[in-house]
Amino acid sequence: MKLSVWAKSQGICYATAWRMFRDGRLPIPSEQLATGTVIVHVPVKSTEGVALYARVSSVDQKADLDRQLVRLTGYAVSNRLFIVDTVKEVGSGLNGHRKGMMRLLRNQEVQTIVVEHRDRLMRFGFEYVESALAAQNRKIVVIDPEEMTDDIVRDLHEVIVSMCARLYGKRSAKNRAKKALDALNE
């Protein structure tokens, strides 16, 4: 493809692309024909699609979603990954019925899910989802390696939080139902 077409597809000015070619800083192979036309040899895109997943627990942290997505995008660009989907969600890490996460897990185009921390995808059962995706030749990439260390205290904390969420979630639902019935009776 011509340099001007490539520059437009990348969202950069033709003059910038020309300077990059002239200085030998163009990130992809290119050549200049005898006529002076610069031809860029665009590599065939891999079929492996990457999805970026950002999640926060509450609406108060909603501003953190954009910051997470910027870091995830930076990682994908620096590793030359082909992004097919991005998901930003506000919801509990213990909730297994988040719409965005379920959409990513169902989408066969998504071969890799990139998350910043392990607990951004889910707090409990991460290994199960990881092995289920591996059985489909798919994977999860965690960009913060410090989060991947196994720690019994962290595991115990996740179990306690999970059980408390179930207990208090049921109590909360029971209280809301009681309030609704009381309101109907009045």
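Before reading further, recall that the structure is shown in the block above.
Conventions we followed
- Residues numbered from 1 in each chain as written.
- Predicted model: local features only at pLDDT ≥ 70, side-chain atom pairs only at ≥ 80, totals over all residues.
- Heavy atoms only, no water.
- Helix = DSSP H or I, 4+ residues; strand = E, 2+ residues; numbered from the N terminus.
- Buried < 20%, exposed > 50% of the residue type's maximum accessible area, 1.4 Å probe, protein only.
- Contact = heavy atoms within 4.5 Å.
- Areas by Shrake-Rupley, 256 points an atom, 1.4 Å probe, with all protein chains shown as cover.
- Core = buried A, V, L, I, M, F, W, Y, C linked by side-chain atoms within 4.5 Å.
- Expected span 1.5 Å × (residues − 1).
- Polar contact = N/O pair within 3.5 Å; in protein donor to acceptor, adjacent residues only side chain to side chain.
- Pairing = 2+ DSSP bridges.
- Axes fitted to C-alpha atoms, helices over the stretch in contact; angles between N-to-C directions.

What the chain contains, in helices and strands, is seven helices and six strands. When the helices and strands of the chain are placed in sequence order, the string is α-α-β-β-β-α-β-α-β-α-α-β-α. Burial status across the chain gives 28% buried among its 186 residues. Taking all contacts inside the chain whose residues are at least 6 apart in sequence as the whole, residues at least 24 apart take part in 59%. Accessible area of the chain: about 12,400 Å², with a carbon and sulfur share of 56%.

This part covers the nonpolar core. Core analysis: the biggest nonpolar cluster contains 15 residues, and Tyr53, Leu104, Ile113, Val115, Leu121 and Ile140 have the highest contact counts within it. Listing elements by their share of this core, those giving two or more residues are strand S3 (49–56), helix H4 (99–106), strand S5 (110–115), helix H6 (126–135) and strand S6 (139–142). Apart from the residues lying within four places of it in its own chain, the contact partners of Leu121 are Tyr53, Arg55, Arg98, Met101, Val115, Phe126 and Ile140.

The end-to-end C-alpha distance of helix H3 (residues 62–78) is 25 Å, a good match for the 24 Å that 17 residues give at a rise of 1.5 Å each. Buried positions along H3 lie against S3, strand S4 (82–90), S5 and helix H5 (118–121). A positive backbone phi angle near 55° is found at Arg80, which sits one or two residues after H3.

A separate point is unusual backbone geometry. Here the phi dihedral of Arg80 falls at roughly 55°; this positive angle occurs in a residue that is not glycine. As for its position among the elements, Arg80 is in the loop between H3 and S4. By relative accessible area, which is 65% here, Arg80 ends up exposed.

Time to look at the side chain of Glu116. For Glu116, the location among the structural elements is in the loop between S5 and H5. In this structure the side chain of Glu116 is engaged in a polar contact, spanning 2.3 Å, whose partner is the side chain of Arg71. Ignoring sequence-local partners within four residues, the contact set of Glu116 consists of Gln68, Arg71, Leu72, Val142, Ile143 and Asp144.

What follows is about the sheet that holds S6. Within a beta sheet, neighbouring strands are joined by backbone hydrogen bonds and run either parallel or antiparallel to one another. Pairing is parallel in the open sheet, where four strands are placed in the order S4-S3-S5-S6. The two strands at the open ends of the sheet, each matched to only one other strand, are S4 and S6. Ignoring which end each strand starts from, the neighbouring axes of this sheet average 25° apart. Summarising the sheet, S3 and S5 pair through five bridges and their orientation is parallel. Its bridge partner lying in S5, Leu52 is registered against Val114. In the packing of H3 onto the sheet, the strands contacted are S3, S4, S5 and S6, and the crossing angle to S3 comes to about 155°. The strands touched by H4 within the sheet are S3, S4 and S5, with S4 carrying the most contacts at an inclination of about 155°.

With respect to the element layout, Thr35 can be found in the loop between strand S1 (30–32) and strand S2 (38–40). Owing to a relative accessible area of 69%, Thr35 belongs among the exposed residues under this scheme. A polar atom in the side chain of Thr35 sits 3.3 Å from the side chain of Thr37.

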